[in-house]
Amino acid sequence: MPSQDLNKKPHTIFELFCVFSLITLQGFGGVISIMQRHLVEQRRWFSQAEFLEMFAMSQVLPGPNVCNLALMIGDRFFGTRGALVALSGMIVLPMFVILTLAGSYEQITAGSHVAGAIKGMSVVAVGMTFGTALRLLSGIQTNIVGRVIPTLVVLLVFYLVGFLRVPIFWVILFCGGGSFFWAHRSLKNRRVVKEI
Amino acid sequence: MSASDWISILGQFAFLSFLAVGGVMSVAPDMHRVVVVELSILSNEQFLAAITLGKLSPGPNALFVAVLGYQIAGIVGAIAMTGAMIIPSAIFAFYVTRWRRDNSHRLSVQSFSIGAAPVVVGLLLSTGFVLIQNFPDVFTMICVLAVALVVWKSRLHLMSLMAIGAFLGAMGVV
């Protein structure tokens, strides 16, 4: 990654643990928005494009997406140890919180104020998902593949999954496949041009 | 619960871990089948309570699995179930990530990176769009869009947005 040098990075493995704990504890109804904001915009460990690339990878892999993403990031900075530490950062403290809540579940759902607060927070969480998706648009690389095809892919995926509720598997297979071949072709053409 | 039941549950959860493409929520129906229908160690209500807790508490939604384990066998159950759910897929993700890094010069790996980006953004947009339909009234939808606009265009702290949402919700405004 050539832009890696411009980015900042965590100094110690303990910092890595703390950052991921901080991110995950703020992640009500979706950790990805918080993670993007922290790592790309506040700490500048990654560019928008680098983050999007890792996020894409974590989506395709099985398992909890944000945990996979944390693992990849930890591995990138501190190798195997980093992967383990980042993953633990993502789950240890929230697990403590959720089990405490599990003990008092009845009281939580009964209180109307608390139920109202939860509803208010879920509204914000949905808005954050949208907002983050829009922010990530700027991370889509257009220098090689042009602007038209990626834009069409975004719109098509949104239409198929959001409106028609086509199962994600088929959308990834066909839209992802199409997008992959377009990128492949563009990269190949560029190499040919370079060789000449 | 017998040892063979434990082996069965942990084994099935570890297997589901590999199928959970697109997040653990996508295999929640299968988990329900295992613990509620087949082994009937948890009630339907307990399962739903775990899902709800996963949504409302901070961190990965997948942690509802910890609540399932907790309901079955306390803290030990919580750790065992979370481990069964996360460790297999994490090991797989780790090796795929390494492979990809060592092969980043390959045309196919680069094409994947460039090609997947718009698909992922489209999927995230549709997640937001599908979730917005949980709020049938126009006022709430406008609130969601306002939050989206703020997150998109400003650098306002996300936690302060959350706090405002919680406050307005508790007051009964939203």
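Residues numbered from 1 in each chain as written. Chains lettered and ligands numbered in written order. Predicted model: local features only at pLDDT ≥ 70, side-chain atom pairs only at ≥ 80, totals over all residues. Heavy atoms only, no water.

A closer look at the interface of chain A and chain B
Working step 1: The interface of chain A with chain B comprises 93 residues on the first partner and 88 residues on the second.
Working step 2: In this assembly, chain A packs against chain B so that about 8100 Å² is buried in total across both faces, 78% of it on carbon and sulfur atoms.
Working step 3: Of all residues in chain A, the largest losses of buried area upon contact with chain B belong to A:P62, A:I98 and A:F130, amounting jointly to 8% of the total for that side.
Working step 4: In this assembly, chain A and chain B are joined by three salt bridges.
Working step 5: Between A:D75 and B:R98 there is a salt bridge, with its nearest N and O atoms 2.7 Å apart.
Working step 6: Counting every contact that joins chain A to chain B gives 19 residue pairs in polar contact (both at pLDDT 80 or more).
Working step 7: For the side of chain A that touches chain B, the secondary structure elements donating two or more residues are α1 (13-26), α2 (32-42), α3 (48-60), α4 (65-103), α6 (112-136), α7 (148-163) and α8 (168-195) of chain A.
Working step 8: Broken down by element, the side of chain A that touches chain B gets its largest block of residues, 22 residues, from α6(A).
Working step 9: Within the side of chain A that touches chain B, the residues separate by chemical class into 58 nonpolar, 25 polar and ten charged. (Contact = heavy atoms within 4.5 Å. Buried area = accessible area lost by both parts, 1.4 Å probe. Salt bridge = Lys/Arg side-chain N within 4 Å of Asp/Glu carboxyl O. Polar contact = N/O pair within 3.5 Å; in protein donor to acceptor, adjacent residues only side chain to side chain. Helix = DSSP H or I, 4+ residues; strand = E, 2+ residues; numbered from the N terminus. Nonpolar A, V, L, I, M, F, W, Y, C, P; charged D, E, K, R; others polar.)

Some remarks on the pattern of salt bridges
Working step 1: For the coordinates displayed, the defined rule picks out seven salt bridges over all chains.
Working step 2: Residues A:E53 and B:R100 are paired through a salt bridge, measuring 2.7 Å at the closest nitrogen-oxygen approach. In this pair, A:E53 sits in helix α3 while B:R100 sits in helix α4 (residues 64-102), so the two residues belong to two different chains. Each of the two residues, A:E53 as well as B:R100, counts as buried. (Buried < 20%, exposed > 50% of the residue type's maximum accessible area, 1.4 Å probe, protein only.)

Section: the packing of α7(A) against helix α5 (residues 107-132) of chain B
Working step 1: It is at 8 Å that the axes of α7(A) and α5(B) come closest, and there the two elements cross at 35°. Both α7(A) and α5(B) take part in a crossing whose hand is right-handed. On the side of α7(A), the interface is formed by A:P150, A:V153, A:V154, A:V157, A:F158, A:V161, A:G162 and A:F163, while α5(B) contributes B:P118, B:V119, B:V121, B:G122, B:L123, B:L125, B:S126, B:F129 and B:V130.
Working step 2: For the contact of α7(A) with α5(B), the per-class residue count stands at 14 nonpolar, three polar and no charged. (Axes fitted to C-alpha atoms, helices over the stretch in contact; angles between N-to-C directions. Left-handed = near helix turned anticlockwise from the far one by under 90°.)

Let's talk about a nonpolar patch on the surface
All names here are of chain B.
Working step 1: A surface patch of nonpolar side chains, amounting to about 570 Å² of accessible area, comprises F139, I164, F167, L168, M171 and V173.
Working step 2: At four residues, helix α7 (residues 158-171) tops the list of elements feeding residues into the nonpolar patch.
Working step 3: Topologically, F167 is positioned in helix α7.
Working step 4: The exposure class assigned to F167 is exposed, which follows from its relative accessible area of 52%. (Patch = residues over 30% accessible without salt bridge, like charges linked within 9 Å, V, L, I, M, F, W, Y side chains within 5 Å. Areas by Shrake-Rupley, 256 points an atom, 1.4 Å probe, with all protein chains shown as cover.)

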